[in-house]
Amino acid sequence: MFDHIRIVLIETSHSGNIGSAARAMKTMGLSQLYLVSPKSVDKQSLALAAGADDIVTNAHIVSSFDEAIADCSLVIGASARLRHLQSTLLGPRECAEKISLYQGNIAIVFGRERVGLRNEELLKCHYHLTIPANPDYSSLNLAMAVQLVSYELRMAFLANKENGFSFSLANKSDESKKHANAQEMEYFFKHTERVYKSLGFIKNQGVMQKLRRLYNRASVEENELNILHGMLSAVEKRLELLNIDS
Ligand code: SAH
């Protein structure tokens, strides 16, 4: 039932945390675990997974953040330090409600034990999830953060079920609303950068960071993305003609 929702753990350094996170997921009905360059997955992971070792053994191990989220159209980054990201900030309950109304693949990304998520990773997330903990001591253990977020997903699922509403099937008939996934957005950002660099408009990464934020906030649909690509291609074509003429 939660097959379209994945938990992504970035560069986890304590193998036991992977097992505890798997256990946290399974108790709440989640099964899709993606591990980005974990230090190791070992006996300790399996021991702490208890009966959830199937989630550890079936985990997708990938080497980059981009690879883990490539086919996801909604990416949520969990961090204790997000006060500067007001407009995209969600609490665990709001986050679960949003997810319950969403079609397409969803990634909820958790950071490294020591340093959390990097800024460039946070920039690739549509929303930012923060557990409103004690402001003087706000950092939860990784697996406990996974537990809390998974619990809220389950609560949203149970509430929807009670109302006879199928989680993940919301708006499914409306194909025109299919959102572009992370890989498609990445192609688009590269295309934008190429065209506007050649026009001399983009000279540094600051502009691209702002544009990434803007387009991610807009939750671009596939047909809209085609129009944006079309506009860029029209500019490229005209530039080529100008280059030939001159
Ligand atoms: N020292 C790190 C904390 C890492 S805890 C830091 O300052 O960022 C490991 C991961 O657990 C975090 O990257 C985040 O994904 C999750 N996490 C821990 N506490 C959280 C909180 N209060 N809200 C949301 N996510 C949290």
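Residues numbered from 1 in each chain as written. Predicted model: local features only at pLDDT ≥ 70, side-chain atom pairs only at ≥ 80, totals over all residues. Heavy atoms only, no water.

Could you give an account of the domain arrangement of the protein chain, with specific residues and numbers?
Annotation of the protein chain at the domain level lists domain 1 (5–172) and domain 2 (177–245). Of the residues lining the interface, 13 residues belong to domain 1; the matching set on domain 2 comes to twelve residues. Buried area between domain 1 and domain 2, summed over both chains or domains, comes out near 1100 Å², and the portion from carbon and sulfur atoms is 58%. Contact with domain 2 buries surface across domain 1, with Ala 70, Leu 123 and His 126 losing the most and accounting together for 44% of the total. (Domains from an automatic or database assignment. Contact = heavy atoms within 4.5 Å. Buried area = accessible area lost by both parts, 1.4 Å probe.)

Explain the site of the ligand to me, using residue names and the numbers behind them.
In the vicinity of the ligand there are 19 residues, among which Ala 78, Arg 81, Ile 131, Ser 138 and Leu 140 approach most closely. Ser 79 is positioned with one of its backbone polar atoms (N or O) 3.5 Å from a nitrogen atom of the ligand. Measuring from a nitrogen atom of the ligand, one finds a backbone N or O atom of Leu 140 at 2.9 Å. Here the ligand, which alone exposes 550 Å², has 92% of that area covered by the protein. For the shell around the ligand, the per-class residue count stands at nine nonpolar, six polar and four charged. (Near = heavy atom within 4 Å. Polar contact = N/O pair within 3.5 Å; in protein donor to acceptor, adjacent residues only side chain to side chain. Areas by Shrake-Rupley, 256 points an atom, 1.4 Å probe, with all protein chains shown as cover. Nonpolar A, V, L, I, M, F, W, Y, C, P; charged D, E, K, R; others polar.)

Account for empty space enclosed by the protein, with residues named and values stated.
Applying the stated criterion to the full structure yields one cavity of 30 Å³ or more. Space inside the largest cavity adds up to approximately 50 Å³. Around the largest cavity sit Ser 73, Tyr 102, His 126, His 179, Ala 180, Met 185, Tyr 215, Asn 216, Ser 219 and Val 220, which together line it. Broken down by class, the residue content of the lining of the largest cavity amounts to five nonpolar, five polar and no charged. If you count residues domain by domain, the lining of the largest cavity takes at least three from each of domain 1 (5–172) and domain 2 (177–245). (1 Å grid on protein atoms, 1.4 Å probe; cavity = no way out; pocket = protein on both sides within 12 Å on 5 of 7 lines; lining within 4 Å. Points joined across faces, edges and corners; volume = space filled by probe spheres on them.)

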